[in-house]
Amino acid sequence: MTFFRRRPRGQLDLGHYTAPAAEPAVPVQRVVDEGLLVALSGVRLAVKNRMIVAALRDGLDYDHADYAAFATDRIVEVADHEESAATQLRRRIDLAALPFDDADRIEYERRALIRSELARALMAVTEDREALGAIIDASRHAALDDVATTLGQRAVGPSASTDEHYLPGPDYEAEKDDRVAALIVLDLALLAVERGTSLDQISE
C-alpha cells in the first residue's frame with residue numbers, strides 16, 4: 001500500500017521569484033557624518049580614561065593642553081587608518097582592472113570615497129580649537145560622573161550597594177572611618193580634576 005506519492009522530478013513548484021527592489025544607497029555625506037560621530041565618541045572615551053588614571057592613580061595636575069594633544073593624536077591615528085583603507089580599496093580596483101560600469105568597481109569607489117572623506121573630516125577637527133575643546137569638556141564631565149559613581153559605591157561598602165540582602169559584617173563599623181577617609185581623598189581628587197588644579201592647592 002502506498003501512502004506517499006513521489007512527485008516526478010522537474011515538476012516541483014517553487015513559485016515565482018521576484019527580486020526585491022533595490023534600495024537607494026545612503027548618501028556619502030550621511031555615512032561620513034555618522035562615522036565621524038562614532039570615531040569622536042571613541043576619542044572621548046580614550047581621553048576620559050586618561051583623565052581618570054592621571055588624576056586618581058598618578059596624581060597629576062589637570063593639563064588642558066596635554067589632553068588636547070592626546071585627543072589630537074588619537075584623531076590623527078583614526079584618520080590615518082581611514083586613508084590607508086581608502087588607498088587599499090583603490091589599489092584593489094586597479095589590480096582587478098574592472099570596467100567603469102562594473103557594480104563592484106562602483107561600490108569600491110564609493111567606499112574609498114567615504115573613507116577618504118571621513119579622514120578629511122577627522123583632520124579638520126584637529127585644526128578646530130572649539131571642537132577639540134568640546135571633546136575635552138565632554139570627556140571631563142564623563143570622568144567626573146564615573147568617579148562620582150565609584151565614590152558612592154565605596155562609601156557604603158563593596159556589597160551593600162549591589163545586594164539588597166546584604167548584612168554588614170562585624171568589621172563594617174570598624175572600617176567605616178577608613179572608607180570615609182578614602183572617600184574624602186577621592187573626592188578631593190575629583191574636585192581637583194573639576195577645577196583643573198592640584199590636590200595640594202585644593203587642601204590649602
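These numbers come from a predicted model, not from an experiment. (Residues numbered from 1 in each chain as written. Predicted model: local features only at pLDDT ≥ 70, side-chain atom pairs only at ≥ 80, totals over all residues. Heavy atoms only, no water.)

Caption draft 1: View of the overall build of the chain. Each helix and strand in the chain was counted, giving 6 helices and 0 strands. Starting at the N terminus, the α and β elements of the chain follow one another as α-α-α-α-α-α. Burial statistics for the chain: of 204 residues in total, 28% are counted as buried. Once local pairs closer than 6 in sequence are excluded, the contacts in the chain between residues at least 24 apart make up 70%. As displayed, the chain offers around 14700 Å² of accessible surface, 53% of which is attributable to carbon and sulfur atoms. (Helix = DSSP H or I, 4+ residues; strand = E, 2+ residues; numbered from the N terminus. Buried < 20%, exposed > 50% of the residue type's maximum accessible area, 1.4 Å probe, protein only. Contact = heavy atoms within 4.5 Å. Areas by Shrake-Rupley, 256 points an atom, 1.4 Å probe, with all protein chains shown as cover.)

Caption draft 2: Examining the packing of helix α1 (residues 28–57) against helix α2 (residues 64–96) more closely. In the contact formed by α1 and α2, the axes pass within 10 Å of each other and the chain directions differ by 145°. α2 is crossed by α1, and the crossing has right-handed handedness. On α2, the residues that touch A39, L40, V43, A46, V47, R50, M51 and A54 of α1 are D66, Y67, F70, A71, R74, I75 and V78. Looking at the contact of α1 with α2 residue by residue, the classes come out as 12 nonpolar, no polar and 3 charged. (Axes fitted to C-alpha atoms, helices over the stretch in contact; angles between N-to-C directions. Left-handed = near helix turned anticlockwise from the far one by under 90°. Nonpolar A, V, L, I, M, F, W, Y, C, P; charged D, E, K, R; others polar.)

Caption draft 3: Representation of the side chain of E82. You can see E82 is positioned in helix α2. Once you skip the residues sitting within four places of it in the chain, E82 turns out to touch R115, L118 and A119.

Caption draft 4: Layout of the side chain of T126. With respect to the helices, strands and loops of the structure, T126 is situated in helix α3 (residues 103–126). Look past the residues within four positions of T126 in its chain and what remains in contact with it is T72, I75, V76 and L132.

Caption draft 5: Region of the structure containing the packing of aromatic side chains. Within this structure, the stated rule accounts for 1 aromatic pair. Between Y62 and Y67, the aromatic rings sit 5.4 Å apart at their centres with planes inclined by 45°, giving tilted as the arrangement. One Lys or Arg, R74, reaches over the ring of F70 and ends 4.6 Å from the middle of that ring. For the cation-ring pair, R140 lies above Y62, with the distance from its terminal atom to the ring centre recorded as 4.2 Å. (Phe/Tyr/Trp six-rings, centres within 6.5 Å; stacked < 30°, edge-to-face > 60°. Lys NZ or Arg CZ within 6 Å of the ring centre and 35° of its normal.)

Caption draft 6: Structural view of α2. For α2, which comprises 33 residues, the first-to-last C-alpha distance of 48 Å matches the rise-based estimate of 48 Å (1.5 Å per residue) to within 8%. The backbone nitrogen of A65 has a side-chain oxygen 3.1 Å away, supplied by the residue at the start of α2, namely D63. (Expected span 1.5 Å × (residues − 1). Polar contact = N/O pair within 3.5 Å; in protein donor to acceptor, adjacent residues only side chain to side chain.)

Caption draft 7: Spatial organisation of α3. Over its 24 residues, α3 extends 35 Å from the first C-alpha to the last, a length consistent with the 34 Å expected when each residue adds 1.5 Å. Listing the buried residues of α3 in full gives R105, Y108, A112, I114, S116, L118, A119, A121, L122, V125 and T126.

Caption draft 8: Just the pattern of salt bridges, in detail. Under the defined criterion, the tally for this structure stands at 8 salt bridges. For R74, the salt bridge identified is with E77, shortest N-O distance 2.8 Å. Of the two residues, R74 and E77 both sit in helix α2, 3 residues apart, roughly one turn of that helix. Assessed through its relative accessible area of 21%, R74 is described here as partly exposed. Across the salt bridge formed by R115 and E82, the nearest N and O atoms sit 3.3 Å from each other. In this pair, R115 sits in helix α3 while E82 sits in helix α2, placing the two residues 33 residues apart along the sequence. On the basis of relative accessibility, which here comes to 10%, the residue E82 falls in the buried class. (Salt bridge = Lys/Arg side-chain N within 4 Å of Asp/Glu carboxyl O.)

Caption draft 9: Representation of the environment of Y108. Checked against the element boundaries, Y108 lands in helix α3. When the C-alpha atoms of Y108 and A86 are compared, they prove to be 9.0 Å apart, with 22 residues separating the residues in sequence. What Y108 contacts, discounting residues up to four positions off in sequence, is L89, R92, I93 and L98.

Caption draft 10: Structural context of the nonpolar core. Of all hydrophobic cores here, the largest spans 24 residues; its most connected members are V47, I75, L122 and I135. Counting residues per element, the ones that place at least two in this core are α1, α2, α3 and α4 (129–155). Setting aside chain neighbours within four positions, we find L122 in contact with L36, A39, L40, I75, V78 and A79. Counting 6 residues, the second-largest nonpolar core is a separate cluster that includes L89, I93, Y108 and A112. (Core = buried A, V, L, I, M, F, W, Y, C linked by side-chain atoms within 4.5 Å.)

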